[in-house]
Each structure stands twice: as C-alpha cells, then as structure tokens.
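Each chain, letter by letter, is given below.
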Amino acid sequence: MGKTTSNAEGSKLRFSAFVIPLLLIFSACSSAPKRPAEIFSIRSMAESQMDLANKEADRGNYSLALDMLAEARRLAVSADDPSLRIRTALSQGNALFALDRVDEAEACWNTSLAEAERIKSRELAAVCRIHLARGTLLAEGGAETARSVRDTVTREMGSVGKDKLDTAFSWVVIGLAEKELGRPGEAEAAVKKSLAIHEKALYLEQAAYDWYLIASIRSQAGKYADAQAALESALILDRRSENSYGLATDWRALGDVYKKAGAAADAEIAWRRSAEIFRSLGQTEAAEDAGSRF
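Below is a summary of the structure that appears in this document.

One finds Val149, Val153, Trp211 and Leu254 to be the most contacted residues of the largest nonpolar core, which totals 48 residues. When residues no more than four places from it in sequence are discounted, the contact partners of Val153 are Ile130, Ala133, Ser170, Val173 and Ile174. Listed in part, the 25 residues of the second largest apolar core include Ala46, Leu66, Met68 and Leu75.

Shown next as structure tokens:
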C-alpha cells in the first residue's frame with residue numbers, strides 16, 4: 001500500500017485538478033478591464049474634425065473649412081450617427097453660404113432638417129429651422145422677412161434644449177432681425193445674451209463677433225463713440241485668440257465708424273491696419289477692399 005493512493009486522496013487530487021484551473025480562469029476574468037458598451041472613436045474624430053473646421057470658418061478660411069468638413073461628414077456617415085450627420089451638414093451650409101453659394105447652403109440645411117424630422121429630434125429640427133431662417137434673413141432682408149424670422153426663431157428656441165451654443169446662435173439671429181427692423185435697443189439686448197454665453201464659456205472668437213455685431217448695431221443708430229468702444233472690445237478678444245481674420249475685419253469696421261464720425265485720419269490708419277493684416281493672411285482681395293477705402 002506504500003505506493004498506492006487511497007480513495008480519499010485520489011478524490012482530493014481530482015478535485016484540485018478540476019477546481020484550480022477554474023479559479024485561475026475566473027481570477028483572470030475578474031481582473032480584466034470591462035469592455036465598453038459603446039465605441040466612440042470614429043464619432044470622436046468626426047466631432048474633433050468638425051470643431052476644427054468651424055474654427056477655420058470663424059477665421060474666414062471657408063474653403064479650408066469645407067475641405068475639413070468633407071472629412072468630418074465622411075466620418076459621421078461611416079459611423080451612421082444621425083446627430084453628427086445633421087450637424088456636419090449644418091456647418092457645411094454655413095461655410096457655403098459665406099462663400100455666396102446660397103443654393104448649396106440651403107440644400108445642406110434642408111437635408112439636415114429632413115433627417116432631424118425623420119429621427120423625430122425636436123431639438124435638432126429647431127436648430128435646422130433657425131439656420132434656414134438666418135439664411136433667409138441675410139439673403140433677402142426687409143422688414144417683413146425680419147419679422148417672420150424673429151417670430152420663427154423665438155418660437156423654435158423653446159425646442160433648442162440646453163445646448164448653450166445653439167441658444168447663443170438663436171439670440172444672434174434674433175439680434176440680426178431686430179437690427180433689420182430698425183430696433184437697435186432690442187437688437188443689442190438680444191446679442192448681449194449671446195455675448196454672455198460666449199464669454200462665460202470662454203468662446204473668445206464668438207464673443208468677439210458678438211461685440212462686432214453690437215458695434216454694427218450702434219453704428220447704424222448713429223452712436224459712433226459706442227460703436228468704437230464695442231470694436232475695441234472685439235479687438236481685445238480677437239488678439240487673445242490670435243484670430244487674425246477677426247482682427248482685420250475689426251480694423252476695417254473701425255475705419256468705417258471713424259469715417260462716419262468725421263475722423264478721416266483715424267479712419268485711414270484703421271483701414272491701413274486692416275489691409276496689412278489681410279495681406280499677411282494672403283487674402284489679397286480683402287486687402288485691396290480695405291485699401292481702397294482711403
């Protein structure tokens with residue numbers, strides 16, 4: 001019996017041979033990281049590309065923005081993400097509109113609206129209608145159009161939701177409509193609501209544009225000193241964000257305000273500064289436009 005194994009000992013060996021590997025397997029499984037329920041790699045790349053493209057558009061680089069948005073759109077389509085499909089098309093429409101390709105811009109916005117309605121997203125559908133309303137206002141103008149746009153955006157804002165940038169955009173469109181209606185107080189109040197959102201979130205370039213628009217409203221009302229103050233605020237923010245295109249447009253507008261105020265020498269200095277900055281960016285046509293004013 002010296003070299004034989006008892007039944008009890010044999011059972012213990014068989015138990016160990018079966019259980020220990022299972023314990024090792026369970027231990028390995030419990031220590032492994034949990035797999036994510038969703039993968040966001042492509043969507044994240046699309047969002048990053050879209051953000052970069054929108055920044056280029058804010059800086060006047062519309063053709064570059066369109067190229068970048070084409071890639072963002074490709075990624076959004078490949079991920080089959082409805083929200084990203086809608087927002088990339090909205091951004092494409094904005095860039096196309098800035099390049100005076102109005103029909104193509106409206107097609108993008110209408111495509112976005114159709115998809116938003118298809119997926120029954122009240123928020124995104126509202127944002128699409130606000131983009132379309134803005135395009136109509138800028139393309140057509142007039143008091144009747146402005147009243148219709150103001151009423152449309154005011155109505156749609158209730159469905160925009162909690163997105164601060166969409167809310168700020170809505171206030172800007174209302175401000176533009178009020179300006180077209182010759183109501184400077186109401187126009188500035190609306191744009192300042194956008195400004196408050198952008199400044200709080202440190203969207204410097206957008207805040208600079210808000211000040212630029214406020215300057216335009218004040219200038220239209222004949223408040224030239226106040227318009228100059230608004231443009232100086234825009235210049236500060238555009239310098240902080242190194243937005244050269246914004247700086248060039250600020251200086252050009254400042255020259256226009258100086259001219260209206262009868263300060264010809266100051267106007268020439270501002271226009272020269274604008275032309276220099278545009279030229280440094282390789283934007284010859286804009287530089288020539290600023291230079292032709294003095």
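When the terminal C-alpha atoms of helix α4 (residues 82-98) are compared, their 25 Å separation across 17 residues agrees well with the 24 Å that a helix rising 1.5 Å per residue should span. Residues of α4 that are buried in the fold lie against α2 (41-58), α3 (62-79), α5 (102-118) and α6 (122-140). Measuring from the backbone nitrogen of Ser83 back to the side-chain oxygen at the start of α4 gives 3.1 Å, which picks out Asp81 as the cap. Looking one or two residues past α4, Asp100 carries a phi angle of roughly 65°, positive in sign.

A few words on the packing of aromatic side chains. Considering all chains together, one arrives at three aromatic pairs under this definition. Residues Phe97 and Trp109 carry aromatic rings whose centres are separated by 5.7 Å and whose planes lie at 35° to one another, so their mutual orientation is tilted. Of the two residues, Phe97 is situated in helix α4 and Trp109 in helix α5; the sequence distance between them amounts to twelve residues. Between Tyr245 and Phe278, the ring centres sit 6.0 Å apart and the planes meet at 70°, which makes this aromatic pair edge-to-face. You can see Tyr245 sitting in helix α12 (residues 244-260) and its partner Phe278 sitting in helix α13 (residues 264-280), a full 33 residues away along the chain. By relative accessible area, which is 18% here, Tyr245 ends up buried.

This next bit is on the layout of surface pockets. Any empty space left between the atoms is revealed when a probe the size of a water molecule rolls over them. By volume, the second largest pocket is sized at about 160 Å³. Surrounding the second largest pocket, Tyr212, Ala215, Ser216, Ser219, Gln220, Leu231, Thr249, Arg252, Ala253, Asp256, Val257 and Lys260 form its lining. Listing elements by their share of the lining of the second largest pocket, those giving two or more residues are α10 (204-220) and α12. Counting residues per element, the lining of the second largest pocket draws most heavily on α12, which supplies six residues.

With that settled, the discussion passes to unusual backbone geometry. Even without glycine at this site, Asp80 takes up a positive phi of about 55°. As for its position among the elements, Asp80 is in the loop between α3 and α4. Since its relative accessible area comes to 57%, Asp80 is described here as exposed. A positive phi is found at Asp100, a non-glycine position, where the angle reads about 65°. Here Asp100 lies in the loop between α4 and α5.

Let us now look at α3. Taking 1.5 Å of rise per residue, 18 residues should cover 26 Å, and α3 covers 25 Å from first to last C-alpha, within 8% of that figure. Listed as buried for α3 are Ala65, Leu66, Met68, Leu69, Ala72, Arg73, Leu75 and Ala76. For α3, the elements touching its buried residues are α2 and α4. The positive-phi residue at the C-terminal boundary of α3 is Asp80, with phi of around 55°.

We now examine the packing of α2 against α3. Put simply, α2 and α3 touch, their axes get as near as 8 Å, and they point 165° apart. When the axes of α2 and α3 are compared, the pair comes out roughly antiparallel. Two packed elements cross with a definite hand, and for α2 against α3 that hand is left-handed. On α3, the residues that touch Ile42, Arg43, Met45, Ala46, Gln49, Met50, Leu52, Ala53, Asn54, Glu56 and Ala57 of α2 are Tyr62, Leu64, Ala65, Met68, Leu69, Glu71, Ala72, Leu75, Ala76, Ser78 and Ala79. Split into classes, the residues belonging to the contact of α2 with α3 amount to 16 nonpolar, three polar and three charged.

Attention shifts here to the pattern of salt bridges. For the structure shown, the criterion picks out 20 salt bridges. In this structure, the salt-bridge partner of Glu178 is Arg150, at a minimum N-O distance of 3.6 Å. In this pair, Glu178 is assigned in helix α8 (residues 164-180) and Arg150 in helix α7 (residues 143-160), connecting sequence segments 28 residues apart. Arg293 serves as the salt-bridge partner of Asp289, at 2.8 Å between the closest nitrogen and oxygen. By relative accessible area, Asp289 is classed as partly exposed at 30%. For Arg293, a relative accessible area of 30% corresponds to the partly exposed category. A cluster of three or more residues bridged by salt bridges with shared partners is formed by Arg150, Asp151, Glu178, Arg183 and Glu186.

The rules behind each value
- Residues numbered from 1 in each chain as written.
- Predicted model: local features only at pLDDT ≥ 70, side-chain atom pairs only at ≥ 80, totals over all residues.
- Heavy atoms only, no water.
- Core = buried A, V, L, I, M, F, W, Y, C linked by side-chain atoms within 4.5 Å.
- Buried < 20%, exposed > 50% of the residue type's maximum accessible area, 1.4 Å probe, protein only.
- Contact = heavy atoms within 4.5 Å.
- Helix = DSSP H or I, 4+ residues; strand = E, 2+ residues; numbered from the N terminus.
- Expected span 1.5 Å × (residues − 1).
- Polar contact = N/O pair within 3.5 Å; in protein donor to acceptor, adjacent residues only side chain to side chain.
- Phe/Tyr/Trp six-rings, centres within 6.5 Å; stacked < 30°, edge-to-face > 60°.
- 1 Å grid on protein atoms, 1.4 Å probe; cavity = no way out; pocket = protein on both sides within 12 Å on 5 of 7 lines; lining within 4 Å.
- Points joined across faces, edges and corners; volume = space filled by probe spheres on them.
- Axes fitted to C-alpha atoms, helices over the stretch in contact; angles between N-to-C directions.
- Parallel < 35°, antiparallel > 145°, perpendicular 65-115°, else oblique.
- Left-handed = near helix turned anticlockwise from the far one by under 90°.
- Nonpolar A, V, L, I, M, F, W, Y, C, P; charged D, E, K, R; others polar.
- Salt bridge = Lys/Arg side-chain N within 4 Å of Asp/Glu carboxyl O.

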